[in-house]
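Coordinate analysis (summary)
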Amino acid sequence: MLIYDLDFPELRELLKTWGEPSFRAKQVWTGLYKNLWQSPEEFSDLPKSMRDKMAENFRFSGLIPTLKLDSSDGQTRKTLFKLEDGRQIEAVLMRYDRRRTLCISTQVGCAMGCTFCATGQMGFTRHLTSGEIIAQVMYYARLLQKEDQAVTNIVLMGMGEPFHNYTNTMAAIDRLNDQDGYNFGARRFTVSTSGLVPAIRQFASEKRQVNLAVSLHASENELRQSMMPVNKRYDVHELIKACREYVDATGRRITFEWALINGVNDTPEQAYKLAQLLKGLLCHVNAIPLNPTTGYAGKATTREQADIFKSTLEQNGIPCTIRTRRGIDIQAGCGQLASRANS
Ligand code: SAH
Ligand code: SF4
């Protein structure tokens, strides 16, 4: 059993069946999530017999790094991990200014099939468990700890659709958020969805302080459908309605993501239509020039087109940032490394 798959009550109950006193669960939890220990020997405050039993019963890693790539920008590190069943995922650490942002995966592959996305192009293999999601964070937390640093932000924007793996994703977030454990602030998480409307509603009703990003990429059904098959199930209007309900229920601002593709969704007309669609909604648009992927012919927008897109949105009342592409040399599209490794 992967120890990160257990929540605190489950761990407590399990240790009880071992005949351990109740305070042991707290010791293990502190060792795992506050001290970032990763092997039974490190739990020096536990008796040897219990450490042995932990070694027999638990696995402490869940993943091993098989490839580490540093971008020439000096700020981006991408790691390919092998899971216990041999499948591979990737996670990225970005060191921008004082931030230490982790981008982590929630699935091996993805079932949503967005045409422009490397993960979508590989198809769906399986969900990650909550422990496998947590293990990515623990790996980087330890790496940064050695430099007296810590993770400051976590974005669930790696491989996979977090809202398709809703239960495990939320369990991982809640476990990492636990004040007696890793104590990672809810506001420093961002979960990104391609627009699974019922999950957006559920997320709104649960009122976590976690940030929500929605991948929009097109404001009209015909175009969005051609890029994102999920739009056939939940169309743009239904999606935006759910987003408005989310903002009403939580008072939180939504981020809309938009990959700028040359001649496809980067024209001033598109920006204007998007501004009309989002009118009155507490939101901002995060636009990023498309990362090229092997399975998609579209090209990134130009700098000039991106600037015009941004100013058109802003003139129409919608704040927009153009994300600079970093780590392109090692990244070449989110999910690309792992999609190659799994094939
Ligand atoms: N499945 C979730 C989160 C993972 S994808 C989602 O789709 O929101 C993270 C972000 O990367 C999404 O906004 C996605 O649309 C975007 N993305 C995917 N492929 C891309 C590409 N080739 N270039 C730029 N952004 C891309
Ligand atoms: Fe899946 Fe997100 Fe890629 Fe679409 S963009 S295929 S939802 S990972």
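The structure contained in this document is the topic of the report that follows.

How each quantity is defined
Residues numbered from 1 in each chain as written. Chains lettered and ligands numbered in written order. Predicted model: local features only at pLDDT ≥ 70, side-chain atom pairs only at ≥ 80, totals over all residues. Heavy atoms only, no water. Helix = DSSP H or I, 4+ residues; strand = E, 2+ residues; numbered from the N terminus. Buried < 20%, exposed > 50% of the residue type's maximum accessible area, 1.4 Å probe, protein only. Near = heavy atom within 4 Å. Nonpolar A, V, L, I, M, F, W, Y, C, P; charged D, E, K, R; others polar. Polar contact = N/O pair within 3.5 Å; in protein donor to acceptor, adjacent residues only side chain to side chain. Areas by Shrake-Rupley, 256 points an atom, 1.4 Å probe, with all protein chains shown as cover. Pairing = 2+ DSSP bridges. Right-handed = clockwise from strand over helix to strand, strands pointing away. Axes fitted to C-alpha atoms, helices over the stretch in contact; angles between N-to-C directions. Contact = heavy atoms within 4.5 Å.

Notably, leucine 36 is not glycine yet its phi reads approximately 60°, a positive angle. Structurally, leucine 36 is set in the loop between α2 (23-33) and α3 (48-57). Backbone geometry places aspartate 148, a non-glycine residue, at a positive phi of 55°. When its relative accessible area of 75% is taken as the criterion, aspartate 148 is described as exposed.

A word on the site of ligand 2. All residues adjacent to ligand 2 are Cys110, Met112, Gly113, Cys114, Cys117, Gly120, Gly160, Glu161 and Ser194. Its residues assigned to classes, the shell around ligand 2 comprises four nonpolar, four polar and one charged.

The next subject is the site of ligand 1. The environment of ligand 1 is made up of 17 residues, and the closest members are Gly160, Ser192, Ser215, His217 and Asn291. The backbone of glycine 160 places a nitrogen or oxygen atom 2.9 Å from a nitrogen atom of ligand 1. In this structure, glutamate 257 approaches ligand 1 through a side-chain N or O atom, which is 3.2 Å from an oxygen atom. Compared with its free state, where it exposes 530 Å², ligand 1 has 93% of that area covered by protein.

Attention now moves to the pairing of strand β8 (residues 189-193). Looking down a regular strand, the side chains alternate between one sheet face and the other. For β8, a buried count of five out of five residues is recorded, marking the element as mostly surrounded by other parts of the structure. The alternating pattern of β8 places Phe189, Val191 and Thr193 on one face and Thr190 and Ser192 on the opposite face, and all of these are buried. With three bridges joining them, strand β7 (residues 153-156) and β8 adopt parallel strand pairing. Note on β8: the bridge partner recorded for leucine 156 is valine 191. With helix α6 (residues 166-177) bridging β7 and its parallel neighbour β8, the resulting β-α-β unit is right-handed.

Read from one edge to the other, the open sheet built from ten strands follows the order β1-β2-β3-β4-β7-β8-β9-β10-β11-β12, with strand pairing classed as mixed. Two strands lie at the open edges of the sheet, namely β1 (63-70) and β12 (320-322), each paired on one side alone. For this sheet, the mean angle separating the axes of adjacent strands, direction not counted, is 20°. Strand direction decides the pairing type here: strand β10 (residues 254-260) and strand β11 (residues 283-289), joined by seven bridges, are parallel. Opposite threonine 255, over in β11, you have histidine 284 as the bridge partner. Helix α10 (residues 236-250) rests against β9 (211-215) and β10 of the sheet, and its axis sits at about 145° to β10.

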